[in-house]
Amino acid sequence: MSVEQALTIADLKERARRRVPKMFFDYADSGAWTEGTYRANEDDFHKVKLRQRVLVDMSNRSLASEMIGEKVSMPVALAPTGLTGMQHADGEMLAAQAAEEFGVPFTLSTMSICSIEDVRSVTTKPFWFQLYVMQDKDFVHNLIDRAKAAGCSALVLTLDLQILGQRHKDVRNGLSAPPRFTPKHLWQMATRPFWCLDMLGTKRRTFGNILGHAKGVTDLSSLSSWTTEQFDPQLSWKDIEWIRERWGGKLILKGILDEEDARMSLGSGADAIIVSNHGGRQLDGAASSISMLPRIVDAVGDRMEVHLDGGIRSGQDVLKAVCYGARGTYIGRPFLYGLGAGGKAGVRRALEIIHKELDVTMALCGERDIRNLSRENLLRDV
Ligand SMILES: Cc1cc2nc3c(=O)[nH]c(=O)nc-3n(C[C@H](O)[C@H](O)[C@H](O)COP(=O)(O)O)c2cc1C
(Lines give C-alpha, C1' and ligand atoms only; values in the text may rest on other atoms or scores of the structure.)
Protein backbone atom coordinates (compact mmCIF):
# COMPACT_ATOMS: atom_id res chain seq x y z
CA MET A 1 0.00 0.00 0.00
CA SER A 2 1.38 3.45 -0.92
CA VAL A 3 1.25 6.39 1.46
CA GLU A 4 -1.53 7.95 -0.64
CA GLN A 5 -3.62 4.78 -0.29
CA ALA A 6 -3.42 4.87 3.51
CA LEU A 7 -6.89 5.55 4.92
CA THR A 8 -6.09 5.49 8.61
CA ILE A 9 -3.20 6.17 10.96
CA ALA A 10 -3.13 2.39 11.53
CA ASP A 11 -2.40 1.93 7.79
CA LEU A 12 0.57 4.29 8.09
CA LYS A 13 1.74 2.42 11.16
CA GLU A 14 1.80 -0.89 9.29
CA ARG A 15 3.72 0.64 6.41
CA ALA A 16 6.21 2.19 8.86
CA ARG A 17 6.65 -1.20 10.55
CA ARG A 18 7.82 -2.62 7.22
CA ARG A 19 10.16 0.26 6.36
CA VAL A 20 11.81 1.32 9.63
CA PRO A 21 14.42 -0.87 11.38
CA LYS A 22 12.81 -2.71 14.31
CA MET A 23 14.69 -0.93 17.10
CA PHE A 24 13.52 2.49 15.87
CA PHE A 25 9.96 1.39 15.08
CA ASP A 26 9.77 -0.13 18.57
CA TYR A 27 11.21 3.06 20.07
CA ALA A 28 8.12 4.90 18.78
CA ASP A 29 5.64 2.11 19.45
CA SER A 30 6.43 1.59 23.12
CA GLY A 31 5.33 2.69 26.56
CA ALA A 32 6.82 2.31 30.01
CA TRP A 33 6.75 -1.07 31.80
CA THR A 34 3.42 -2.85 31.21
CA GLU A 35 2.40 -0.21 28.64
CA GLY A 36 -0.92 0.07 30.51
CA THR A 37 -1.02 3.86 30.34
CA TYR A 38 0.12 3.80 26.71
CA ARG A 39 -2.88 1.59 25.87
CA ALA A 40 -5.30 3.52 28.10
CA ASN A 41 -4.47 6.75 26.25
CA GLU A 42 -5.96 5.24 23.09
CA ASP A 43 -8.66 3.06 24.64
CA ASP A 44 -10.24 5.79 26.77
CA PHE A 45 -11.02 7.88 23.71
CA HIS A 46 -13.39 5.10 22.57
CA LYS A 47 -15.39 5.42 25.79
CA VAL A 48 -16.37 8.99 24.93
CA LYS A 49 -19.55 9.00 22.82
CA LEU A 50 -20.67 11.69 20.39
CA ARG A 51 -24.12 13.21 19.96
CA GLN A 52 -25.37 12.64 16.43
CA ARG A 53 -27.51 15.57 15.21
CA VAL A 54 -29.59 15.81 12.02
CA LEU A 55 -31.34 18.34 9.82
CA VAL A 56 -28.93 21.14 10.55
CA ASP A 57 -27.01 23.08 7.89
CA MET A 58 -23.61 21.43 7.57
CA SER A 59 -22.23 23.56 4.73
CA ASN A 60 -19.24 25.93 4.93
CA ARG A 61 -17.45 24.23 7.75
CA SER A 62 -14.28 25.56 9.38
CA LEU A 63 -11.64 23.76 11.43
CA ALA A 64 -9.44 26.84 11.70
CA SER A 65 -8.71 28.11 15.18
CA GLU A 66 -5.84 29.43 17.31
CA MET A 67 -3.32 27.89 19.67
CA ILE A 68 -1.56 30.40 21.97
CA GLY A 69 -2.67 33.16 19.63
CA GLU A 70 -1.25 31.53 16.47
CA LYS A 71 -3.61 30.71 13.63
CA VAL A 72 -3.82 26.97 12.88
CA SER A 73 -5.69 25.20 10.07
CA MET A 74 -6.90 22.72 12.71
CA PRO A 75 -6.04 22.53 16.42
CA VAL A 76 -3.43 19.81 15.99
CA ALA A 77 0.30 20.36 16.49
CA LEU A 78 3.17 17.93 15.95
CA ALA A 79 4.45 16.85 19.38
CA PRO A 80 8.16 16.97 20.20
CA THR A 81 9.71 13.54 19.71
CA GLY A 82 13.32 12.52 20.22
CA LEU A 83 15.32 10.65 17.55
CA THR A 84 12.79 11.58 14.85
CA GLY A 85 15.59 11.62 12.31
CA MET A 86 15.92 7.87 12.90
CA GLN A 87 12.39 7.12 11.68
CA HIS A 88 13.46 8.63 8.36
CA ALA A 89 16.60 10.48 7.26
CA ASP A 90 16.33 14.21 8.09
CA GLY A 91 13.00 13.42 9.76
CA GLU A 92 12.65 16.61 11.77
CA MET A 93 13.30 18.80 8.73
CA LEU A 94 10.74 16.91 6.64
CA ALA A 95 8.09 16.87 9.36
CA ALA A 96 8.56 20.59 10.02
CA GLN A 97 8.05 21.33 6.32
CA ALA A 98 4.93 19.15 6.14
CA ALA A 99 3.49 20.89 9.22
CA GLU A 100 4.27 24.33 7.83
CA GLU A 101 2.59 23.52 4.51
CA PHE A 102 -0.46 22.19 6.35
CA GLY A 103 -0.70 25.22 8.63
CA VAL A 104 -0.11 23.50 11.96
CA PRO A 105 2.70 23.99 14.52
CA PHE A 106 5.77 21.76 14.56
CA THR A 107 7.60 21.26 17.87
CA LEU A 108 11.28 20.33 17.74
CA SER A 109 12.59 18.18 20.60
CA THR A 110 15.79 18.93 22.50
CA MET A 111 16.69 15.28 21.69
CA SER A 112 16.24 15.68 17.96
CA ILE A 113 18.62 14.46 15.30
CA CYS A 114 18.34 17.57 13.11
CA SER A 115 19.36 20.69 15.01
CA ILE A 116 17.39 23.88 15.64
CA GLU A 117 19.49 25.53 12.92
CA ASP A 118 18.85 22.65 10.46
CA VAL A 119 15.08 22.99 10.87
CA ARG A 120 15.30 26.78 10.65
CA SER A 121 17.18 26.45 7.36
CA VAL A 122 14.32 24.57 5.64
CA THR A 123 11.30 26.43 7.06
CA THR A 124 9.94 29.90 6.48
CA LYS A 125 7.61 30.27 9.45
CA PRO A 126 8.45 30.01 13.16
CA PHE A 127 8.33 26.55 14.74
CA TRP A 128 8.15 25.66 18.45
CA PHE A 129 11.01 24.33 20.52
CA GLN A 130 10.74 21.80 23.36
CA LEU A 131 13.18 22.17 26.23
CA TYR A 132 14.50 19.50 28.57
CA VAL A 133 16.23 21.09 31.54
CA MET A 134 19.67 19.55 31.93
CA GLN A 135 22.06 19.85 34.85
CA ASP A 136 24.53 21.72 32.64
CA LYS A 137 22.86 25.12 32.92
CA ASP A 138 25.24 26.76 30.45
CA PHE A 139 24.01 24.30 27.87
CA VAL A 140 20.36 25.08 28.73
CA HIS A 141 20.96 28.86 28.54
CA ASN A 142 22.63 28.40 25.20
CA LEU A 143 19.80 26.20 23.92
CA ILE A 144 17.18 28.80 24.88
CA ASP A 145 19.25 31.48 23.16
CA ARG A 146 19.60 29.34 20.02
CA ALA A 147 15.83 28.78 19.90
CA LYS A 148 15.33 32.53 20.23
CA ALA A 149 17.89 33.25 17.51
CA ALA A 150 16.10 30.79 15.22
CA GLY A 151 12.87 32.75 15.72
CA CYS A 152 10.96 29.95 17.50
CA SER A 153 7.59 31.30 18.58
CA ALA A 154 6.95 29.11 21.63
CA LEU A 155 9.00 27.23 24.18
CA VAL A 156 7.47 23.94 25.31
CA LEU A 157 8.96 23.04 28.68
CA THR A 158 8.70 19.33 29.46
CA LEU A 159 8.10 18.61 33.14
CA ASP A 160 7.53 14.86 33.26
CA LEU A 161 10.98 13.53 32.42
CA GLN A 162 13.31 14.44 35.24
CA ILE A 163 14.29 10.79 35.28
CA LEU A 164 13.73 8.31 32.47
CA GLY A 165 10.88 5.80 32.57
CA GLN A 166 11.88 2.33 31.40
CA ARG A 167 10.59 0.97 28.13
CA HIS A 168 11.29 -2.75 28.02
CA LYS A 169 11.38 -2.86 24.23
CA ASP A 170 14.27 -0.39 24.11
CA VAL A 171 16.23 -2.37 26.70
CA ARG A 172 15.61 -5.64 24.85
CA ASN A 173 16.57 -4.06 21.53
CA GLY A 174 19.75 -2.67 23.06
CA LEU A 175 18.80 0.82 21.93
CA SER A 176 21.21 3.40 23.32
CA ALA A 177 21.20 7.19 23.14
CA PRO A 178 22.57 8.08 20.71
CA PRO A 179 22.16 4.82 18.75
CA ARG A 180 25.24 2.61 18.52
CA PHE A 181 25.16 -0.23 16.10
CA THR A 182 25.82 -3.90 16.93
CA PRO A 183 25.62 -6.76 14.38
CA LYS A 184 21.96 -7.29 15.39
CA HIS A 185 21.18 -3.67 14.60
CA LEU A 186 23.09 -3.82 11.34
CA TRP A 187 21.00 -6.83 10.34
CA GLN A 188 17.78 -4.97 11.22
CA MET A 189 18.93 -2.12 9.03
CA ALA A 190 20.02 -4.34 6.17
CA THR A 191 16.45 -5.66 5.93
CA ARG A 192 15.17 -2.10 5.44
CA PRO A 193 17.02 -1.04 2.25
CA PHE A 194 15.03 2.13 1.45
CA TRP A 195 15.61 3.44 4.98
CA CYS A 196 19.33 2.70 4.59
CA LEU A 197 19.60 4.42 1.23
CA ASP A 198 17.98 7.56 2.61
CA MET A 199 20.24 7.45 5.68
CA LEU A 200 23.35 7.14 3.53
CA GLY A 201 22.32 10.41 1.90
CA THR A 202 22.40 12.46 5.10
CA LYS A 203 25.10 13.35 7.61
CA ARG A 204 22.56 13.83 10.41
CA ARG A 205 22.66 10.68 12.54
CA THR A 206 23.17 11.85 16.10
CA PHE A 207 21.77 14.43 18.53
CA GLY A 208 22.16 17.61 16.50
CA ASN A 209 21.31 20.02 19.33
CA ILE A 210 23.90 18.55 21.67
CA LEU A 211 27.01 17.36 19.85
CA GLY A 212 29.44 20.25 19.61
CA HIS A 213 27.27 22.43 21.89
CA ALA A 214 27.61 20.82 25.33
CA LYS A 215 30.84 21.02 27.31
CA GLY A 216 32.98 17.91 26.93
CA VAL A 217 30.72 16.36 24.29
CA THR A 218 32.88 15.98 21.25
CA ASP A 219 32.21 12.43 20.10
CA LEU A 220 29.58 9.72 20.27
CA SER A 221 30.79 8.02 23.43
CA SER A 222 30.96 11.25 25.49
CA LEU A 223 27.51 12.13 24.10
CA SER A 224 26.10 8.83 25.31
CA SER A 225 27.18 9.25 28.94
CA TRP A 226 26.18 12.93 28.86
CA THR A 227 22.60 12.21 27.79
CA THR A 228 21.97 9.55 30.43
CA GLU A 229 23.36 11.67 33.28
CA GLN A 230 22.11 15.09 32.37
CA PHE A 231 18.33 15.24 32.99
CA ASP A 232 17.94 17.46 36.04
CA PRO A 233 16.19 15.56 38.87
CA GLN A 234 15.91 18.76 40.92
CA LEU A 235 13.79 20.73 38.45
CA SER A 236 11.12 22.62 40.44
CA TRP A 237 8.41 25.27 40.06
CA LYS A 238 11.02 27.89 40.96
CA ASP A 239 13.02 27.08 37.81
CA ILE A 240 10.13 28.11 35.59
CA GLU A 241 10.74 31.72 36.55
CA TRP A 242 14.32 32.00 35.23
CA ILE A 243 13.46 29.95 32.16
CA ARG A 244 10.52 32.22 31.40
CA GLU A 245 12.66 35.30 31.91
CA ARG A 246 15.51 34.10 29.75
CA TRP A 247 13.10 32.98 27.02
CA GLY A 248 10.85 36.03 27.08
CA GLY A 249 8.23 34.58 24.72
CA LYS A 250 5.23 32.23 24.74
CA LEU A 251 5.70 29.39 27.23
CA ILE A 252 3.85 26.06 27.32
CA LEU A 253 4.18 23.61 30.23
CA LYS A 254 4.06 19.99 29.07
CA GLY A 255 3.25 17.01 31.24
CA ILE A 256 0.50 18.23 33.60
CA LEU A 257 -1.78 15.34 34.60
CA ASP A 258 -3.05 16.41 38.00
CA GLU A 259 -5.54 19.11 39.00
CA GLU A 260 -3.31 20.42 41.77
CA ASP A 261 -0.36 20.80 39.39
CA ALA A 262 -2.72 22.48 36.92
CA ARG A 263 -3.74 25.02 39.56
CA MET A 264 -0.08 25.60 40.48
CA SER A 265 0.76 26.28 36.87
CA LEU A 266 -1.66 29.23 36.92
CA GLY A 267 0.85 31.24 38.92
CA SER A 268 3.79 30.33 36.69
CA GLY A 269 3.19 32.90 33.98
CA ALA A 270 2.90 30.19 31.32
CA ASP A 271 0.52 30.68 28.39
CA ALA A 272 -0.72 27.09 28.20
CA ILE A 273 -0.38 23.66 29.74
CA ILE A 274 -0.40 20.33 27.96
CA VAL A 275 -2.30 17.55 29.69
CA SER A 276 0.10 14.72 28.98
CA ASN A 277 1.70 11.58 30.38
CA HIS A 278 4.42 11.61 27.73
CA GLY A 279 2.46 9.19 25.58
CA GLY A 280 2.53 6.55 28.33
CA ARG A 281 6.34 6.47 28.23
CA GLN A 282 7.04 7.68 31.77
CA LEU A 283 4.74 6.80 34.70
CA ASP A 284 3.06 3.53 33.81
CA GLY A 285 -0.15 3.27 35.86
CA ALA A 286 -0.94 6.96 35.46
CA ALA A 287 -4.39 7.90 34.14
CA SER A 288 -4.96 8.44 30.43
CA SER A 289 -4.73 12.02 29.20
CA ILE A 290 -8.33 12.20 27.95
CA SER A 291 -9.73 10.93 31.27
CA MET A 292 -7.94 13.75 33.15
CA LEU A 293 -8.76 16.50 30.67
CA PRO A 294 -12.25 17.57 31.89
CA ARG A 295 -11.24 18.06 35.50
CA ILE A 296 -8.04 19.89 34.57
CA VAL A 297 -10.05 22.21 32.30
CA ASP A 298 -12.44 22.80 35.20
CA ALA A 299 -9.53 23.47 37.58
CA VAL A 300 -7.98 26.24 35.45
CA GLY A 301 -11.18 27.64 33.93
CA ASP A 302 -10.50 30.19 31.23
CA ARG A 303 -7.42 31.57 32.98
CA MET A 304 -5.05 29.54 30.80
CA GLU A 305 -5.21 27.52 27.58
CA VAL A 306 -5.35 23.79 28.11
CA HIS A 307 -3.94 21.50 25.42
CA LEU A 308 -3.79 17.69 25.32
CA ASP A 309 -1.66 14.94 23.91
CA GLY A 310 -1.62 11.16 24.23
CA GLY A 311 -3.55 8.55 22.31
CA ILE A 312 -4.89 10.67 19.46
CA ARG A 313 -5.18 8.36 16.48
CA SER A 314 -7.98 10.01 14.53
CA GLY A 315 -9.77 13.27 13.92
CA GLN A 316 -12.56 11.94 16.13
CA ASP A 317 -10.13 11.89 19.06
CA VAL A 318 -9.18 15.50 18.36
CA LEU A 319 -12.85 16.47 18.32
CA LYS A 320 -13.50 14.77 21.66
CA ALA A 321 -10.59 16.59 23.28
CA VAL A 322 -11.80 19.90 21.86
CA CYS A 323 -15.33 19.22 23.17
CA TYR A 324 -13.88 18.73 26.65
CA GLY A 325 -12.22 22.13 26.44
CA ALA A 326 -8.78 21.53 24.88
CA ARG A 327 -7.80 24.55 22.77
CA GLY A 328 -5.19 22.45 21.02
CA THR A 329 -3.97 18.90 20.67
CA TYR A 330 -0.69 17.25 19.66
CA ILE A 331 0.11 14.07 17.80
CA GLY A 332 3.30 12.11 18.45
CA ARG A 333 3.15 8.59 17.04
CA PRO A 334 0.67 9.37 14.24
CA PHE A 335 3.16 11.70 12.56
CA LEU A 336 6.11 9.41 13.34
CA TYR A 337 4.31 6.53 11.61
CA GLY A 338 3.63 8.80 8.65
CA LEU A 339 7.28 9.81 8.56
CA GLY A 340 8.48 6.21 8.71
CA ALA A 341 5.94 5.20 6.09
CA GLY A 342 6.88 7.83 3.55
CA GLY A 343 8.91 10.81 4.75
CA LYS A 344 7.35 14.23 4.24
CA ALA A 345 4.49 12.81 2.12
CA GLY A 346 3.70 10.40 4.95
CA VAL A 347 3.48 13.20 7.54
CA ARG A 348 1.26 15.15 5.16
CA ARG A 349 -0.93 12.06 4.75
CA ALA A 350 -1.25 11.67 8.54
CA LEU A 351 -2.42 15.28 8.79
CA GLU A 352 -4.84 14.85 5.86
CA ILE A 353 -6.37 11.75 7.45
CA ILE A 354 -6.90 13.49 10.77
CA HIS A 355 -8.24 16.64 9.09
CA LYS A 356 -10.80 14.71 7.07
CA GLU A 357 -11.97 12.62 10.03
CA LEU A 358 -12.28 15.73 12.16
CA ASP A 359 -14.26 17.58 9.48
CA VAL A 360 -16.73 14.77 8.75
CA THR A 361 -17.23 14.03 12.44
CA MET A 362 -17.92 17.68 13.20
CA ALA A 363 -20.50 17.81 10.40
CA LEU A 364 -22.29 14.67 11.60
CA CYS A 365 -22.41 16.16 15.09
CA GLY A 366 -24.31 19.05 13.51
CA GLU A 367 -21.57 21.67 13.87
CA ARG A 368 -19.91 23.93 11.30
CA ASP A 369 -17.25 25.73 13.31
CA ILE A 370 -14.76 23.94 15.51
CA ARG A 371 -14.73 26.91 17.88
CA ASN A 372 -18.37 26.16 18.78
CA LEU A 373 -17.75 22.63 20.02
CA SER A 374 -18.42 21.99 23.69
CA ARG A 375 -19.37 19.22 26.11
CA GLU A 376 -22.89 19.62 24.70
CA ASN A 377 -21.67 17.62 21.68
CA LEU A 378 -20.86 14.63 23.88
CA LEU A 379 -23.21 12.17 25.52
CA ARG A 380 -23.02 11.96 29.27
CA ASP A 381 -23.61 8.74 31.17
CA VAL A 382 -22.69 6.07 28.67
C1 LIG B 1 9.24 8.19 20.08
C2 LIG B 1 8.82 9.29 21.01
C3 LIG B 1 9.77 10.20 21.45
C4 LIG B 1 9.38 11.25 22.31
N5 LIG B 1 10.31 12.19 22.67
C6 LIG B 1 9.90 13.27 23.39
C7 LIG B 1 10.81 14.35 23.64
O8 LIG B 1 11.95 14.33 23.20
N9 LIG B 1 10.35 15.39 24.37
C10 LIG B 1 9.07 15.45 24.86
O11 LIG B 1 8.69 16.41 25.53
N12 LIG B 1 8.19 14.45 24.60
C13 LIG B 1 8.57 13.38 23.87
N14 LIG B 1 7.67 12.40 23.57
C15 LIG B 1 6.27 12.54 24.01
C16 LIG B 1 5.45 13.30 22.96
O17 LIG B 1 5.81 14.65 22.92
C18 LIG B 1 3.96 13.22 23.27
O19 LIG B 1 3.74 13.59 24.60
C20 LIG B 1 3.37 11.84 23.01
O21 LIG B 1 3.97 11.24 21.88
C22 LIG B 1 1.87 11.94 22.79
O23 LIG B 1 1.30 10.69 22.64
P24 LIG B 1 0.98 10.00 21.22
O25 LIG B 1 2.29 9.50 20.70
O26 LIG B 1 0.04 8.91 21.61
O27 LIG B 1 0.37 11.04 20.32
C28 LIG B 1 8.04 11.35 22.74
C29 LIG B 1 7.10 10.41 22.28
C30 LIG B 1 7.47 9.40 21.42
C31 LIG B 1 6.44 8.44 20.92
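Everything that follows concerns the structure shown earlier in this document.
Residues numbered from 1 in each chain as written. Predicted model: local features only at pLDDT ≥ 70, side-chain atom pairs only at ≥ 80, totals over all residues. Heavy atoms only, no water.

(A) Examining the site of the ligand more closely. Taken together, 24 residues are adjacent to the ligand, and Pro80, Ser109, Tyr132, Thr158 and Asp309 come closest. In this structure, Lys254 approaches the ligand through a side-chain N or O atom, which is 2.9 Å from a nitrogen atom. About the coverage of the ligand: the protein hides 98% of its 600 Å² of free accessible area. Counting only elements with at least two residues in the shell around the ligand, the list comes to helix H2 (22-28) and helix H15 (333-364). Examining the composition of the shell around the ligand, we find that three residues originate from one element, H15, more than from any other. (Near = heavy atom within 4 Å. Polar contact = N/O pair within 3.5 Å; in protein donor to acceptor, adjacent residues only side chain to side chain. Areas by Shrake-Rupley, 256 points an atom, 1.4 Å probe, with all protein chains shown as cover. Helix = DSSP H or I, 4+ residues; strand = E, 2+ residues; numbered from the N terminus.)

(B) Fine view of the side chain of Glu367. Tracing the backbone shows Glu367 in the segment after H15. Within the buried set, Glu367 has no salt-bridge partner at all; the shortest N-O distance to an opposite charge, 6.6 Å, is to Arg53. Of note is the side chain of Glu367, whose polar atom sits 2.9 Å from the side chain of Asn377. Leaving out residues up to four positions away in the same chain, Glu367 has contacts with Arg61, Met362, Asn372, Leu373 and Asn377. (Buried < 20%, exposed > 50% of the residue type's maximum accessible area, 1.4 Å probe, protein only. Lys, Arg positive; Asp, Glu negative; His and termini not counted. Salt bridge = Lys/Arg side-chain N within 4 Å of Asp/Glu carboxyl O. Contact = heavy atoms within 4.5 Å.)

(C) Layout of the pattern of salt bridges. Under the counting rule described, the total for this entry stands at 22 salt bridges. Arg51 is the partner of Glu376 in a salt bridge, and the nearest nitrogen-oxygen pair spans 3.9 Å. You can see Glu376 sitting in the segment after H15 and its partner Arg51 sitting in the loop between helix H3 (36-47) and strand S1 (65-67), a full 325 residues away along the chain. Taking relative accessible area as the criterion, Glu376 reaches 52% and is therefore assigned exposed. What you see here is one network of salt bridges that share partners, running through Asp90, Asp118 and Arg204.

(D) Main features of unusual backbone geometry. The peptide bond linking Ala177 to Pro178 adopts the cis configuration, its omega dihedral lying at -5°. For Pro178, the location among the structural elements is in the loop between helix H7 (168-173) and helix H8 (183-190). A positive phi angle is found at Ile68, which is not glycine, with a value near 40°. Positionally, Ile68 belongs in the loop between S1 and strand S2 (70-72). Phi at Leu83 takes a positive value of approximately 60°, unusual for a residue other than glycine.

(E) Main features of helix H4 (residues 91-102). Along its 12 residues, H4 runs 16 Å from first to last C-alpha, staying within 8% of the 16 Å computed at 1.5 Å per residue. Most of H4 sits out of view: 10 of its 12 residues are buried. If you check which residues of H4 are buried, you get Gly91, Glu92, Met93, Leu94, Ala95, Ala96, Ala98, Ala99, Glu100 and Phe102. Buried residues in H4 make contact with strand S3 (76-78), strand S4 (107-108), helix H5 (116-122) and H15. Phi for Gly103, located one or two positions after H4, is positive at around 85°. (Expected span 1.5 Å × (residues − 1).)

(F) Representation of a nonpolar patch on the surface in the model. Nonpolar side chains collect at one region of the surface, where Phe194, Leu197 and Leu200 lie side by side and expose about 380 Å² of accessible area between them. Tracing the backbone through its elements, the reader meets Phe194 in helix H9 (residues 193-200). (Patch = residues over 30% accessible without salt bridge, like charges linked within 9 Å, V, L, I, M, F, W, Y side chains within 5 Å.)

(G) Fine view of helix H14 (residues 315-323). Counting buried positions over the nine residues of H14 gives eight, a clear majority of the element. For H14, the secondary structure elements touched by its buried residues are H3, S3, helix H13 (289-300), strand S9 (305-309), strand S10 (328-331) and H15. Regarding H14, its N-cap is Ser314, as a side-chain oxygen of that residue lies 3.1 Å from the backbone nitrogen of Gln316 further along. Looking one or two residues beyond H14, the residue adopting positive phi is Gly325, at roughly 115°.

(H) Layout of the packing of H14 against H15. One can describe the packing of H14 onto H15 by two numbers: an axis separation of 7 Å at closest approach and a directional angle of 55°. Classified by the angle their axes make, H14 and H15 are oblique. Where H14 crosses over H15, the two elements pack in a sense that is right-handed. Facing H14, whose interface residues are Gly315, Gln316, Val318 and Leu319, H15 presents Ile354, Glu357, Leu358, Thr361 and Met362. (Axes fitted to C-alpha atoms, helices over the stretch in contact; angles between N-to-C directions. Parallel < 35°, antiparallel > 145°, perpendicular 65-115°, else oblique. Left-handed = near helix turned anticlockwise from the far one by under 90°.)

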